[in-house]
Amino acid sequence: MEKRALPGTDLKVSPLCLGTWQFNDAKANINWEGQTKEVSKAIVDKCFEVGINFFDTAEGYAGSEEVLGYCLRGRRRDAVVATKYGFRNGPSTPPYSAADIDATVTEALRRLETDYIDILQIHFPSFVKDAQETINELNSQIARGRIRYYGCSNFGPKNLKAYLEAGAKPVVNQMGYNLLWRSVEFDVQPICVENNISILAYSPLQQGLLTGKYMKPEDVPEGRRRGKLFDDNKNKLARHGQQGAETEMFEALQKIKGICDANKLDMTQAALSWVLQQEGVPVAIVGASTPEQIAKNSQIVQLSPEVVKQLTDATEPVKQKIGRQLDQWVTPDRCE
């Protein structure tokens, strides 16, 4: 897999990044089954084999940093590692002071078994106590060689503008972005493009919906029906209070399948390739529960402009129904 320069950095990264939410050392959660660190290591092994060198983790992904550190033993220098701070004590974790940032970097370095982090991201805007204090501390961490660059995650237009006006120079903004969840296109994408901030597109397959595995609502596991694409009233695990866009979404999935069949494309391949051909999106973050999934996901292609437009048009009704909502999970929106 050809590496590409990440704008604003000297990092050479694969267009696919392995998201390690599922690196839980066999501790199951509502999104992923328990995954042993041996399986995680086999997935990382496969990443290197197919040319993926970019890995994303977070303080809030319990156990993930430790497992990734284990998986990268002896080959850290061959990897680009991004992590995020926030959620140290769960959803109620307060904003981080400079001392908190320093402490979390120290812990991340220990857990990752490394002496530097390539990109440190703020997981949500709510973890910024004071923008100037945060920027000063992140620059201090760079000067000390503990991080190389910093970025943000889930920063919507309001918070992104405020952060930039305070003098921040994030190199990435990690956002949920895929054929079914295109709300970043309204306001976030233009700001990122204007300021040379790369969008790292997470959930590019919308929790498996864009793989072709789930073509009607009843096919989708309950844990994957918690987001705002689905009707809150039909799932006791949901907490967003929205009616969703189920009709529009499953109509769009049928159209996507037809487009893929007509062009001899796999739906997974088409979805990943589509998002990587959007402006300002050099990287898509994919998860995996097996090495085979990584091998399959690595088969990205260059779609023709006609196919890109057909896929875009197929999901336009979903985009319009969802509107500017950026946070898939809760209301009010945490990604303002």
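The residue numbering used here restarts from 1 in each chain and proceeds along that chain's sequence as written. The model is predicted, so local features are restricted to residues of pLDDT at least 70 and side-chain atom pairs to those at 80 or more, both for listing and for counting; the totals for chains, interfaces and linings are taken over all residues. Remark: hydrogens and water are excluded; side-chain values derive from all non-hydrogen atoms of the structure.

Peer 1: Got a minute to help me understand the sheet that holds strand β7 (residues 147–153) in this structure?
Peer 2: Sheet strands line up and pair through hydrogen bonds in the backbone, either parallel or antiparallel. Pairing between two strands is assigned when DSSP locates at least 2 bridges connecting them. Strands are runs of DSSP state E lasting at least two residues, helices are runs of H or I lasting at least four, and both sets are numbered from the N terminus onward. Taking strand neighbours around the barrel as the criterion, the eight strands line up as β3-β4-β5-β6-β7-β8-β9-β10 in a closed arrangement whose pairing is parallel. The mean angle between the axes of side-by-side strands here comes to 30°, regardless of whether they run parallel or antiparallel. Taken together, the five bridges between strand β6 (residues 117–122) and β7 define a ladder with parallel strand orientation. Bridged to Ile117 within β7 is Ile147. Between the N-to-C directions of two axes lies an angle of 0 to 180 degrees, each axis being a line fitted to C-alpha atoms and, for a helix, fitted only over the stretch in contact.

Peer 1: In this structure, what is going on with the nonpolar core? I would like to understand it.
Peer 2: It is characteristic of soluble globular proteins that their nonpolar side chains tend to be buried jointly. Each nonpolar core is a collection of buried residues, namely Ala, Val, Leu, Ile, Met, Phe, Trp, Tyr and Cys, held together in the definition by side-chain atoms within 4.5 Å. Burial classes: relative accessible area under 20% of the type maximum marks a residue as buried, over 50% as exposed, and values in between as partly exposed (1.4 Å probe, protein chains only). Counting 89 residues, the largest nonpolar core has Leu18, Leu209, Leu253, Ile256, Ile294 and Leu311 as its most contacted members. Those residues within four positions of Leu209 in sequence are excluded, and the remaining contacts are Leu180, Tyr214, Val220, Phe230, Met249, Phe250 and Leu253. Within the second largest apolar cluster, 14 residues are counted, among which are Leu6, Leu11, Ala82 and Ile119. Between two residues, a contact is recorded if the distance between any of their heavy atoms is within 4.5 Å.

Peer 1: How should I be thinking about the packing of helix α3 (residues 98–112) against helix α4 (residues 131–143) in this particular structure?
Peer 2: If you want to describe how two helices pack, look at the angle between their axes and the distance between the axes. Interaxial distance between α3 and α4 falls to 9 Å at its minimum, and their mutual angle equals 35°. Between α3 and α4 the crossing geometry is right-handed. Taken together, the residues of α4 that come into contact with α3 (itself represented by Ala98, Ile101, Asp102 and Val105) are Glu133, Thr134, Glu137, Leu138 and Gln141. Residues of the contact of α3 with α4, tallied by class, amount to four nonpolar, two polar and three charged. Take the far helix as your reference; a near helix turned counterclockwise from it by less than a right angle gives a left-handed crossing, and one turned clockwise gives a right-handed crossing. Side-chain classes are defined by residue name, with Ala, Val, Leu, Ile, Met, Phe, Trp, Tyr, Cys and Pro counting as nonpolar, Asp, Glu, Lys and Arg as charged, and the others, Gly among them, as polar.

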